[in-house]
Amino acid sequence: MRSNLMPVVGITVLALVVAACGETAPSQPAGSPGAEGGRLDLVRERGQLICGVNGALPGFSFLDQATNEMSGFDADFCRAVAAAVLGDPEAVEFRNLTTDTRGPAIQTGEVDVLIRNTTWTVARDTSWGLFAPTTFYDGQGVMVRAADGIASLEDLADATICVQTGTTTELNLADVFDARGIPFETETFSEIEQTYPAYDEGTCDAVTSDRSQLVATRTTLANPDDHVILDEVLSKEPLGPVAPLGDDQWFNVVKWVVFATFQAEESGITSSNVQDMVGSEDPVIARLLGGEGDLGLGLEADWVVDVISAVGNYGEIYDRNLGPGTPFELERGLNSLWTDGGLLYAPPYRS
Amino acid sequence: MSIETMAPPSTAVTPLEWMRRNLFSSIASSLTTGLIGGLLIWLAVNVGGWAIGEARWEVVGNNLRLFLVGQYPATEAWRLWLNLAVLSVMTGLSAAVFGSTTRTLAVSTSALQLLLALLIVPSPLGTLIPPTTSLVLGLLGNAAGVWAAFVAGRLLGPPRRWLMIGWLLTIPLTFVLVSGFGPLPEVRSTLWGGLLLTVLLAAVGIVLSFPLGVLLALGRRSGLPAVRVLSTAYIEIIRGVPLVTILFMADIMLPLLLPGEFRIDRVARAMGGITLFSAAYVAENVRGGLQAIPMGQYEAAHALGLGSLATNLFVVLPQALRSVIPANVGLFISLLKDTTLVTIVGLLELLGIGRAILAQPQSLGAHLEVYVFIAAAFFVLCYAMSQASYRLERTMGLGSR
């Protein structure tokens, strides 16, 4: 009797589970309160921004040793959004997400915004959420031992390359090397904690990952100066905030918070001088700091003042977390203002 | 022929004789001893050399607060100390009144706290943990509290019933102190972390899954078809799914199924997932114990006029549960270690907080130190649990009847 019943019960439950899975379709995000409410009102009502971060990525999001608060480049952008919406940069609940949970978290609206070193791709843009302007232009690079005299990818013919499995990095490596007809072998690892020690101990001739990660982890190798990162870039990795699909007002808020940090740097507004700049003679600065209202975003007129006083302009955020004085000492490179040959370009903030 | 009384043959041997007999009895044995001994010495030199010379233990010391309580606000930390003090006093009182197992518990808790306090005192290796007076005072105060309560318990001899009620009251008290209630400001569960979260998840999982598991085990053997089928279905389905899946479901799927803005706290969701998962395994352990009870016991109980509730409560379960202590403790030890899985749903228990700490600019590359520390912490917890289980078995006379 019991043995006859079990499969029936099992199949029924399985069917229920499958049916429930079907509801993850992004068109019906639970917790997103429909068109009339809007996430902006939801966040205000809650009094707190829920921001999805990595939580364990050097330079981008980690728990600070002195303050025990979430810190880093990504965490600062979470604070910037909170400052713009709620006027309080500390009104953020950080939600640590893995590579597997970040997609569902933004699709279901569990987080208000996802700022977790997520590469902007077409599939993610259409099925995960809307990508705000890129805050960090990364690219895949290759690190080799300086003594090996390797200068280009062609010199890596028949070399063994350490790579993390299950990443776009692994796919990009095959794409580029196959396209150029360079024979190579890979040694794959599942964790970052295994990859770099293996390279350090000579298991492979080279290691590949995002250039920012290579620079950051080079400082942890036995003799950091013995290693160089090749100039060649294997792929484009634009990393930026993601807002849930289907809420234009909220997406605009996230987008313009990022633009405001760009524009502030371009206009020379910093966290220390922003208060003096309010009511400036320069019409561009005056408008940015609330001279003509919020121009339709649905925020307080002086929201940019709140953002810049809280976290500073883009250059300040970058320097504080990744620039000189940090162990990473990352060059600005593509992450410079367009006026300095970089890619950071904010559209005009005007009516 | 007279009978002489002879002394029993001496079994005492000198250490040299012992070694000759056990380690170097033949050439092969001497070779094995040499090989394994050499390996052990080589390991000890290398590991010890690393631990004393190279390891950057300051990673642990500087982040001790994060490791212990996560982002729990410093201004509210006194509540955790108070909670710990209450638990220490209860342990001391119980040791005085109940004796045996609880006394071991009291000795080990106070010893552990003294040991931790000693680690803070400067040693030849340098200070392993930066000396913070509050930490030293708190630990020493707690260790003293255990023994003060023990002495007080000896002198006053409070009734056992009071102590049982006291222990039951510590559960809501812990909840009130940790999360805040009434005049105490709320500390959101998102700020709980480190050892605090690990212990809370494990404790809640153990305390709740045990009764649930017992009910399920009884249900699976019930004469009522509906109860039996439902219990069996629950047990088999949960046992057929990995814990990771259940945690993912609780974290990601549950909000989809709940209406609108109705949210359940994420830590509560993880606790629920762990409890539901563990209950199915407890149920099967307990069922094993139930099956070992001979029918004669039921029949005797019925003959005495006991109903089925009384039969189960007073005759069957006491025997069944006692015989499955080792299996259940094994399960609870693995539950404690399984709490590390909540790190994949973004909760910062001991392992998760370790990963967040490793991303600090000051801690880059200190993987070994952080993971060795976390492993040691888990070892201490699990070893304490298994020792407590041995004591419990001995007290209850398991295996001696």
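The structure displayed is predicted, hence computed values, not measured ones.

What's the story with the overall build of chain B in this structure? I'm lost.
Scanning chain B for helices and strands turns up 17 helices and zero strands. Principal axes of the C-alpha set define a box for chain B whose edges measure 85 × 70 × 50 Å. Relative to its full complement of 401 residues, chain B shows a buried share of 32%. A separation threshold of at least 6 residues defines the contact pool for chain B, and within that pool the share at least 24 residues apart is 75%.

When you look at the overall build of chain A in this model, what are you seeing that I'm missing?
Helix and strand content of chain A: 14 helices and 13 strands. A total of 351 residues make up chain A; the buried ones form 45% of that total. Taking all contacts inside chain A whose residues are at least 6 apart in sequence as the whole, residues at least 24 apart take part in 72%.

Please clarify how the pairing of strand E4 (residues 92-96) of chain A should be interpreted in this entry.
When a strand is regular, its side chains alternate between the sheet's two faces. Residues and elements named next belong to chain A. The buried fraction of E4 amounts to four of the five residues, a majority that puts the element mostly inside the structure. In this sheet, E4 lies alongside strand E1 (residues 49-53) in parallel orientation, the contact comprising five bridges. Residue glycine 52 lies in a different strand from E4, and its bridge partner there is arginine 95.

Which parts of the structure should I look at to understand the packing of helix H5 (residues 77-98) of chain B against helix H8 (residues 160-179) of chain B?
The geometry of a pair of packed helices is captured by two quantities: the angle between their axes and the separation between those axes. Residues and elements named next belong to chain B. Running from N to C, H5 and H8 cross one another at 165°; their axes reach a closest spacing of 10 Å. One finds that H5 runs roughly antiparallel with respect to H8. Relative to H8, the crossing made by H5 is left-handed. Residues Arg79, Leu80, Leu82, Asn83, Val86, Leu87, Met90, Leu93, Ser94 and Val97 of H5 pack against Arg160, Leu163, Gly166, Trp167, Thr170, Leu173, Thr174, Leu177 and Val178 of H8. For the contact of H5 with H8, the class distribution of residues is 12 nonpolar, five polar and two charged.

Just checking my understanding: could you explain the nonpolar core for this structure?
One recurring pattern in soluble globular proteins is that nonpolar side chains are buried together. Among the nonpolar cores identified, the biggest contains 133 residues, and Cys78 and Val81 of chain A are the most heavily contacted of them. The element that contributes the greatest number of residues to this core is helix H12 (residues 266-291) of chain B, accounting for 12 residues. Excluding residues within four positions of it along the chain, valine 81 of chain A makes contact with Leu49, Val113, Val254 and Val257 of chain A. Formed by 18 residues, the second largest nonpolar core is a distinct cluster that contains Ile161, Cys162, Phe177 and Val207 of chain A.

Before we go on, may I ask you to explain the packing of helix H11 (residues 243-257) of chain B against H12 of chain B in this structure?
Residues and elements named next belong to chain B. Where H11 contacts H12, the two axes come as close as 9 Å, and the packing angle between them is 145°. Two packed elements cross with a definite hand, and for H11 against H12 that hand is right-handed. Seen from H11, the contacting residues are Leu243, Ile246, Leu247, Ala250, Asp251 and Leu254; seen from H12, they are Arg266, Arg269, Ala270, Gly272, Gly273, Leu276 and Phe277. The class makeup of the residues in the contact of H11 with H12 is eight nonpolar, two polar and three charged.

Got a minute to help me understand the interface of chain A and chain B in this structure?
The parts lose accessible area when they come together, and the size of an interface is often stated as this lost area. Each partner contributes to the interface: chain A provides 34 residues, whereas chain B provides 33 residues. Listed by contribution, the elements that provide at least two residues to the side of chain A that touches chain B are helix H1 (2-22), strand E2 (62-63) and E4 of chain A. The leading source of residues in the side of chain A that touches chain B is H1 of chain A, at six residues.

Would you explain the domain arrangement of chain A in this entry?
Residue and element names in this part refer to chain A. When cut into domains, chain A gives domain 1 (34-135 + 240-340) and domain 2 (139-236). Here the C-alpha centre of domain 2 lies 31 Å away from the C-alpha centre of domain 1. Among the residues forming the side of domain 1 that touches domain 2, the class breakdown is four nonpolar, two polar and no charged.

Help me understand the environment of threonine 167 of chain A in this model?
One can find threonine 167 of chain A in the loop between strand E8 (160-164) and helix H7 (168-180). As for threonine 167 of chain A and serine 190 of chain A, which are separated by 23 residues in sequence, their C-alpha atoms are 9.4 Å apart.

Could you clarify how one ought to interpret the confidence of the model for chain A in this entry?
Residues shown with low pLDDT carry predicted positions that ought not to be read at fine detail. When pLDDT is averaged across chain A, the result is 86; 89% of the residues are at 70 or more. Note that pLDDT drops below 50 for residues 1-35 of chain A; the model gives that stretch 35 contacts with residues more than four away or on any other chain.

Just to check I follow, could you spell out H7 of chain A for this structure?
An α-helix turns once every 3.6 residues. As a result, residues three or four positions apart point the same way. Compared with an ideal rise of 1.5 Å per residue, which puts 13 residues at 18 Å, H7 of chain A spans 18 Å between its outermost C-alpha atoms and is within 8% of the ideal. Residue glycine 181 of chain A follows H7 of chain A closely and has a positive phi angle near 70°.

The rules behind the values
- Residues numbered from 1 in each chain as written.
- Chains lettered and ligands numbered in written order.
- Predicted model: local features only at pLDDT ≥ 70, side-chain atom pairs only at ≥ 80, totals over all residues.
- Helix = DSSP H or I, 4+ residues; strand = E, 2+ residues; numbered from the N terminus.
- Buried ≥ 20, exposed ≤ 12 C-beta atoms within 10 Å, placed from the backbone.
- Contact = placed C-beta atoms within 7 Å.
- Pairing = 2+ DSSP bridges.
- Axes fitted to C-alpha atoms, helices over the stretch in contact; angles between N-to-C directions.
- Parallel < 35°, antiparallel > 145°, perpendicular 65-115°, else oblique.
- Left-handed = near helix turned anticlockwise from the far one by under 90°.
- Nonpolar A, V, L, I, M, F, W, Y, C, P; charged D, E, K, R; others polar.
- Core = buried A, V, L, I, M, F, W, Y, C linked by C-beta atoms within 7 Å.
- Domains from an automatic or database assignment.
- pLDDT = per-residue confidence, 0-100.
- Expected span 1.5 Å × (residues − 1).

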